[in-house]
Amino acid sequence: MILDSMKNCAAYYALSPRIEKAFKLFAEVDWTKAEAGKMELDGKEIFANVQERGLKTKEEAKLEVHDKYIDIQILISGSEEAFGWADRSTLTQPKEAFNAEKDIQFFEDEPQTYYTMRPGQFTILLPEDAHAPLVGEGTIRKVILKVLK
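Here we summarise the structure given alongside this text. (Residues numbered from 1 in each chain as written. Predicted model: local features only at pLDDT ≥ 70, side-chain atom pairs only at ≥ 80, totals over all residues. Heavy atoms only, no water.)

1. Let's talk about the nonpolar core
Core analysis: the biggest nonpolar cluster contains 21 residues, and I72, F122, I124, L145 and V147 have the highest contact counts within it. When contributions to this core are tallied by element, the ones reaching two or more residues are α1 (17–26), β3 (46–54), β5 (69–77), β9 (121–125) and β11 (139–148). For this core, the element with the most residues is α1, which contributes five residues. Once you skip the residues sitting within four places of it in the chain, I124 turns out to touch M1, I2, Y12, L15, F23, I70, D71, I72 and D129. Core analysis: the next-biggest nonpolar cluster, separate from the first, contains ten residues, V65, A82, A130 and V135 among them. (Core = buried A, V, L, I, M, F, W, Y, C linked by side-chain atoms within 4.5 Å. Buried < 20%, exposed > 50% of the residue type's maximum accessible area, 1.4 Å probe, protein only. Helix = DSSP H or I, 4+ residues; strand = E, 2+ residues; numbered from the N terminus. Contact = heavy atoms within 4.5 Å.)

Structure, rendered in structure tokens:
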């Protein structure tokens, strides 16, 4: 899990050529005006999911994991969004089987920690990072860049 300011995104380009491309494609769009929903940026290798969502309580937010994609989540508006986090290898309570088509599985385990993202920041979540997003109060607008690992 990485949490940082958008002004530092270039520091993470070395993680993957697709991460560099994802941040550069992100910079080309006015995300305050983009329609909510899925938007292809580079076929199935990089796409965006624009969300306008109400936030949840810690109890409502479930840990999730992905196998094929890295998440880069960027808060566009709203005061903040908290995330629960756990090391995927420690999870023991699957809520359901892994959905390969949607590249997601949910767990009932408790997060090991929580962290908060504010506008102008991003979080990178790798396949080994279990995360429970959308924790807090109010409504947010965010972009989730899905980057093929």
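From this point, the discussion proceeds with the structure in view.
2. Comments concerning the pairing of strand β6 (residues 81–87)
In terms of burial, β6 is largely enclosed, as six of its seven residues are buried. When β6 meets strand β8 (residues 113–117), the two strands line up antiparallel, connected through five bridges. In the strand pairing of β8, G84 is matched with Y114. Pairing of β6 with strand β10 (residues 129–135), which is carried by five bridges, proceeds in the antiparallel orientation. Within β10, the residue paired with A82 across the bridge is V135. (Pairing = 2+ DSSP bridges.)

3. A look at the environment of K146
Along the chain, K146 turns up in strand β11. On the accessibility criterion, K146 (13% relative accessible area) is buried. If we ignore the near neighbours within four places in the chain, the residues touching K146 are E45, I46, F47, H66, Y69, I70 and D71. Within the structure, the side chain of K146 is placed 2.5 Å from the side chain of D71, a separation counted as a polar contact. (Polar contact = N/O pair within 3.5 Å; in protein donor to acceptor, adjacent residues only side chain to side chain.)

4. Describing the pairing of β3
Pairing of strand β2 (residues 37–42) with β3, which is carried by five bridges, proceeds in the antiparallel orientation. Within β3, the position partnered with M39 by the bridge is A48. Hairpin connection from β2 to β3: three residues lie between these consecutive antiparallel strands, with G43 at a positive phi of about 55 degrees. Alignment of β3 against β11, held across nine bridges, turns out to be antiparallel. Among the inter-strand pairings, R53 is bridged to a residue of β11, identified as I140.

5. A word on the packing of aromatic side chains
What the rule picks out here adds up to six aromatic pairs. With 5.4 Å between their ring centres and 70 degrees between their planes, F47 and Y69 make a pair best called edge-to-face. You can see F47 sitting in strand β3 and its partner Y69 sitting in strand β5, a full 22 residues away along the chain. Since its relative accessible area comes to 9%, Y69 is described here as buried. (Phe/Tyr/Trp six-rings, centres within 6.5 Å; stacked < 30°, edge-to-face > 60°.)

6. With respect to α1
For the α-helix, the turn length of 3.6 residues means that residues three or four positions removed from each other point alike. What α1 keeps buried is the set I19, A22, F23, L25 and F26. An end-on view of α1 places all buried positions within 165 degrees of arc, on one side of the element. Contact partners of the buried residues in α1: β2, β3, β5, β9 and β11. Sitting at the head of α1, S16 places a side-chain oxygen 3.0 Å from the backbone nitrogen of R18. (Arc of directions from axis to C-beta.)

Read these as layout, nothing more, since geometry by itself doesn't imply function.
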